[in-house]
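# Structure at a glance
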Protein chains: 2
Amino acid sequence: MTAPYELIYYTGVPGRGEHIRLILEEAGVPYKDTQFLSFSEAKKSVTTSLISSHDNPSYFAPPLFKHGDLVISQTPNILLYLGPKLGLVGKQENDLYRVNALALTALDLLSNEVHDTHHPIGTMLAWEEQRVESKRRSREWVENRLPTVFAYWERVLGNEKRGLGPWLLGDSFTYADLVLFQCLDGTHYAFPKAMKQARESGKYDKVFKLYEDVKARPNVAGYLASERRQKYQDWGIYRHYDDNDVVAE
Amino acid sequence: MTAPYELIYYTGVPGRGEHIRLILEEAGVPYKDTQFLSFSEAKKSVTTSLISSHDNPSYFAPPLFKHGDLVISQTPNILLYLGPKLGLVGKQENDLYRVNALALTALDLLSNEVHDTHHPIGTMLAWEEQRVESKRRSREWVENRLPTVFAYWERVLGNEKRGLGPWLLGDSFTYADLVLFQCLDGTHYAFPKAMKQARESGKYDKVFKLYEDVKARPNVAGYLASERRQKYQDWGIYRHYDDNDVVAE
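What you are looking at is a predicted structure, and each value in this text was computed from that prediction instead of being measured.

### Points about a nonpolar patch on the surface
All names here are of chain B.
- A surface patch of nonpolar side chains, amounting to about 310 Å² of accessible area, comprises Tyr10, Phe39 and Trp235.
- Its location among the elements puts Phe39 in helix α2 (residues 39-49).
- Judged by relative accessible area, Phe39 falls into the partly exposed class, the value being 47%.

Okay, here's the thing in structure tokens:
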């Protein structure tokens, strides 16, 4: 009997764990998920799994992923572990490293940086304690960073070397597409006005098309419509604050 | 004839490229490095390499690594590509994923977060434009984040499951140790007072021992003493500002 795949994460928000759910849902494989535990049980599972066990070192933060005796942390690392097993790392030699680079870049630019708009001074302080700086960082992000970041993804999708889409690696759908989708989806929750402005500008049509194309994939669409897809809340990676929801001038 | 390893990065600071140099120097393999070009030639090489070529998508930022027709970006991704080839990913099944998790965590906590102390509002603004916020974030980092982060690494190094050091995976020296070393070295440059305080506290002896042990490895020591090791400058990842160099109260 093969060991089950087990996602260990807090319950109540999609969070970083969502990237792991999406790759598993797209592939249609069963997995265990601590989201179905109570909040305190899920938290206890996270805490316990961060401690070293078998040959695994201690880890710093969830998501964690368990497969038999192996426990690993770090979102892009878990995707890297699953990607080849689920056939989502491209078709050409060394595509794994191209996919990993794209996934890491999406997480840097549209998960970490968007997270930091609500926590510019420190992750250990509440948003209320850094509200002024958060507003300033959000404006800076919308006005200067969003155009740079979206122009980059538009450039990747207009890359004639890999076949002009629809995916980041041309005709190969990979987990990097899922990561970018989830990052765009979360950013939409955090910054609806700026995202509407970006969409209507017509400058990033390939990026928004990829977003819609991933969303329409049967297994992804089925998952998004299910109860397994949790709602964004204002204590997760992506948060909506009216103060921060500005448009570029 | 095998294709050479080529690091493509700006010249003049160690930067994120340093992690790539350290793994190659530790392994004692030859490599090309754009640091030996003039500043403008190195920048041109970076810019050119960010554009899609062969089967490689466009990338967002250096470091870039070229091996034959393959071009990849993202520091942890380049290390992941080289680690197995250079025998620096541990001895047990799936250690690669444990090493990658530890390397990603070191880069998150002691490269990205330390970088953000001088750029809390945005990477596209100069430090002078966010000097007040930078000071606040630095104090927050020294007082609250440093103890959390150092206590984590001390815990990994006191992990009885993998043999109580001297390395992060017990008796297996891996590239995660090199990454943590470089992160600690850069943090020392940025926050000498806080690092002295941390060292003298006696709370993180295993962490500082790992730092010294990596530094003393023959190939690393030889490299650090060579002209190939560039000096930190106040336009890199790690910057020293007297304003920010505080101690915990």
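Following the structure, the description resumes.
### With respect to the pattern of salt bridges
- For the coordinates displayed, the defined rule picks out 34 salt bridges over all chains.
- Note that Asp243 of chain A is salt-bridged to Arg131 of chain A, the shortest N-O span being 3.3 Å. Linking Asp243 of chain A in the segment after α9 (218-224) with Arg131 of chain A in helix α5 (residues 131-157), this pair joins segments that are 112 residues apart in sequence.
- Under the relative-accessibility criterion, Asp243 of chain A is labelled partly exposed at 27%.
- Assessed through its relative accessible area of 40%, Arg131 of chain A is described here as partly exposed.
- One salt bridge connects Glu249 of chain B with Arg139 of chain B, and the closest N-O pair in it is separated by 3.8 Å. With a gap of 110 residues between them, Glu249 of chain B in the segment after α9 (218-224) and Arg139 of chain B in helix α5 (residues 131-157) connect regions that are remote in the sequence.
- Note on Glu249 of chain B: relative accessible area 86%, which makes it exposed.
- Under the relative-accessibility criterion, Arg139 of chain B is labelled partly exposed at 31%.
- Connected through salt bridges with shared partners, the residues Glu18, Arg21, Asp33, Asp185 and Arg229 of chain A form a single ionic network.

Here is what the cut-offs are and how they apply
- Residues numbered from 1 in each chain as written.
- Chains lettered and ligands numbered in written order.
- Predicted model: local features only at pLDDT ≥ 70, side-chain atom pairs only at ≥ 80, totals over all residues.
- Heavy atoms only, no water.
- Patch = residues over 30% accessible without salt bridge, like charges linked within 9 Å, V, L, I, M, F, W, Y side chains within 5 Å.
- Areas by Shrake-Rupley, 256 points an atom, 1.4 Å probe, with all protein chains shown as cover.
- Salt bridge = Lys/Arg side-chain N within 4 Å of Asp/Glu carboxyl O.
- Helix = DSSP H or I, 4+ residues; strand = E, 2+ residues; numbered from the N terminus.
- Buried < 20%, exposed > 50% of the residue type's maximum accessible area, 1.4 Å probe, protein only.

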